[in-house]
Amino acid sequence: MDINDFSGQARLDACPGALQVHTAADGALARVRIPGGALTSAQLRELADCAATLGSGVIELTSRANVQVRGLRAPSEFAARMAAAGLLPSETHERVRNILASPLAGRAPSSLVDVRPLVAALDRGLCAAPELAALSGRFLFALDDGTGDVLSCGADVAFLATSPSGGVLLLGGVRPGLPVGVADVVPLMLVAARAFVELSDGTAWRVTDLPDGPALLAAHLPHTGPTPEGAGTVPQGVGVRDAGTVEQRDGRVALEVVVPLGRLTADQAAVLADAAPEARVTPWRTVVLPDLTPDDVQPVADRLAEAGLVTVPGTPWAGLTACTGRPGCAKSLADVQLDARSWAEQPGQEPGDRPVHWAGCERRCGRPAGEVVDVVATPTGYRVAGRTEEEGA
Ligand code: SF4
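For clarity, every value in this text was computed on a predicted model and none was experimentally measured.

## Topic: the packing of aromatic side chains
Reasoning step 1: Summed over all chains, the structure comprises 4 aromatic pairs.
Reasoning step 2: An angle of 70° between the planes, with centres 5.3 Å apart, marks the rings of phenylalanine 139 and phenylalanine 141 as edge-to-face.
Reasoning step 3: Phenylalanine 139 gets classed as buried once you look at its relative accessible area, which sits at 0%.
Reasoning step 4: Relative to tryptophan 358, the ring of tryptophan 343 has its centre 6.5 Å away and its plane inclined at 50°; by these criteria the two rings are tilted. Within this pair, whereas tryptophan 343 is found in helix α8 (residues 336-344), its partner tryptophan 358 is found in strand β18 (residues 356-359), the two being separated by 15 residues in sequence.
Reasoning step 5: You can call tryptophan 358 buried: its relative accessible area is 7%.

## Concerning the environment of arginine 252
Reasoning step 1: With respect to the helices and strands, the residue arginine 252 is situated in the loop between β12 (244-247) and β13 (253-258).
Reasoning step 2: Separated by 182 residues in sequence, arginine 252 and arginine 70 have C-alpha atoms that sit 36 Å apart.
Reasoning step 3: Setting aside residues up to four positions removed in sequence, arginine 252 forms contacts with Val246, Glu247, Asp291 and Leu292.

## What about the pairing of strand β8 (residues 157-163)?
Reasoning step 1: For β8, the buried fraction is high: 5 of the 7 residues fall into the buried class.
Reasoning step 2: Pairing analysis gives 4 bridges linking strand β7 (residues 141-144) to β8, with the strands arranged parallel. Residue pairing across strands places aspartate 144 opposite leucine 160, the latter belonging to β8.
Reasoning step 3: One ladder, built from 6 bridges, connects β8 with strand β9 (residues 166-171); its direction is antiparallel. Bridge pairing links leucine 160 to valine 168 in β9.
Reasoning step 4: Hairpin connection from β8 to β9: 2 residues lie between these consecutive antiparallel strands.

## Considering the pairing of β18
Reasoning step 1: Of the two faces of β18, both are covered, the one formed by Val356 and Trp358 as well as the one formed by His357 and Ala359.
Reasoning step 2: In this sheet, β18 lies alongside strand β17 (residues 320-322) in parallel orientation, the contact comprising 3 bridges. Residue pairing for β18: leucine 320 is matched across the bridge by valine 356.
Reasoning step 3: Once you follow β17 into α8 and on to β18, the crossover reads as left-handed.
Reasoning step 4: Here 4 bridges tie β18 to strand β19 (residues 370-378), and the two strands are oriented parallel to one another. Residue pairing in the sheet places valine 356 in a bridge with valine 373 of β19.

## What to know about the packing of helix α1 (residues 41-54) against helix α2 (residues 75-84)
Reasoning step 1: The geometry of α1 relative to α2 is characterised by a closest axis approach of 10 Å and an angle of 170° between their N-to-C directions. Here α1 lies roughly antiparallel to α2, going by the angle between them. Of α2, the residues touching α1 (which contributes Glu46, Leu47, Asp49, Cys50, Thr53 and Leu54) are Glu77, Phe78, Arg81 and Met82.
Reasoning step 2: Residues that form the contact of α1 with α2 fall into these classes: 5 nonpolar, 1 polar and 4 charged.

The rules behind each value
Per chain, the residues get numbers from 1 upward, laid out in the order the sequence is written. Owing to the predicted nature of the model, reporting of local features is limited to residues with pLDDT of at least 70; listing and counting of side-chain atom pairs is limited to 80 or more, with chain, interface and lining totals taken over all residues. The basis for the side-chain values is all heavy atoms of the structure; hydrogens and waters are excluded. Stacked, tilted and edge-to-face are the three classes assigned to paired rings of Phe, Tyr and Trp, where Trp is represented by its six-membered ring and a pair needs centres within 6.5 Å; plane angles under 30 degrees give stacked, over 60 edge-to-face, the rest tilted. Burial classes: relative accessible area under 20% of the type maximum marks a residue as buried, over 50% as exposed, and values in between as partly exposed (1.4 Å probe, protein chains only). Only DSSP runs of H or I covering at least 4 residues are called helices, and only runs of E covering at least 2 are called strands; the numbering of each starts at the N terminus. Working rule for contacts: check all heavy atoms of both residues, and any pair within 4.5 Å makes them a contact. The rule for pairing is simple: two strands pair if DSSP sees at least two bridges between them. The handedness rule is simple: strands pointing away from the viewer, and a clockwise path from the first strand over the helix to the second, make the crossover right-handed. To get an axis, a line is fitted to the C-alpha atoms, and for a helix only the part in contact is used. The angle between two axes follows their N-to-C directions and goes from 0 to 180 degrees. Oblique is the label for any angle not covered by the other classes, which are roughly parallel (under 35 degrees), roughly antiparallel (over 145) and roughly perpendicular (65 to 115). Three categories are distinguished: nonpolar for Ala, Val, Leu, Ile, Met, Phe, Trp, Tyr, Cys and Pro, charged for Asp, Glu, Lys and Arg, and polar for the others, with Gly belonging to the last.

So, in structure tokens, the structure goes:
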């Protein structure tokens, strides 16, 4: 059935999860939702061990700050180990826990609201509501601490902090949004999710799939204050984020590392897990290690660089992604990961101002949302083009 078919018949949502795995040419693929991208070092270590012993040895970072493991030989054992590690708290709701959050919330000087408690509360609220298990695996929430970093990542329901006490709730990226105090953010997001489930009735996956979806959904929400000024739509696009350090408001330092092609080897994940008690996966295929002491930063960066991760800015790996390609995908016309690596490793390459996505065919799986340079394999070579479309994982 076509994505624009709203004939009233439920469409099959085949979005993979940790339990509902996808069968690819290289075996079972499991996707694990990571609300807010937050992983403890123990969870990261367990993911690394599962990837090495049960899968292909690689943890793939997705454009929604989730992770996936391919080539699984024992999917049920993988799911059981994810559950034991606290990464699969609900069997019924595992695929709907798509929650992006500003990775430096509560830490960066520019952060207006520490959205970390909101992530946890939203996750609990989602999992506690039986009717919300009907949300599609593509429905996306975002909690933006005021820096605007995750606002443009294509969320269906997004909170943008505009002051330390509140902000606006945006539906389908449409401004100006509904005013909301911090205490009401999660309840309002859950109301919006319930309204979407009712309105979509199984026929739509995203707010923008519904005709006039944002306005339709807004009409079902309580208005808690005067409508802010400024109509329009938030430009959608994941953008490019480089490696580097950020001095936190408490004097400690966050180190952001670029993961080449978003493919974290089990060994690299283990090095990250050893370096800090917490890691934050981001939609930009980077990992943030927060709360390092200033003295720790350089030795940690050296260890990560030795493991093949990128710790200094100005890298062509920033914003560079690729689909699975050959040999993992039967549809692919090329080994796009090998080709993208060869391109990035050429001397003199620099980061672009837009993400660059290499794909083995026109489906362009894993393509970031928004403006992207597409490098698509054809029977005779690669075709390069810039387009604006949306897709997420
Ligand atoms: S874009 Fe094409 S080649 Fe790449 S993973 Fe998707 S289906 Fe396979």
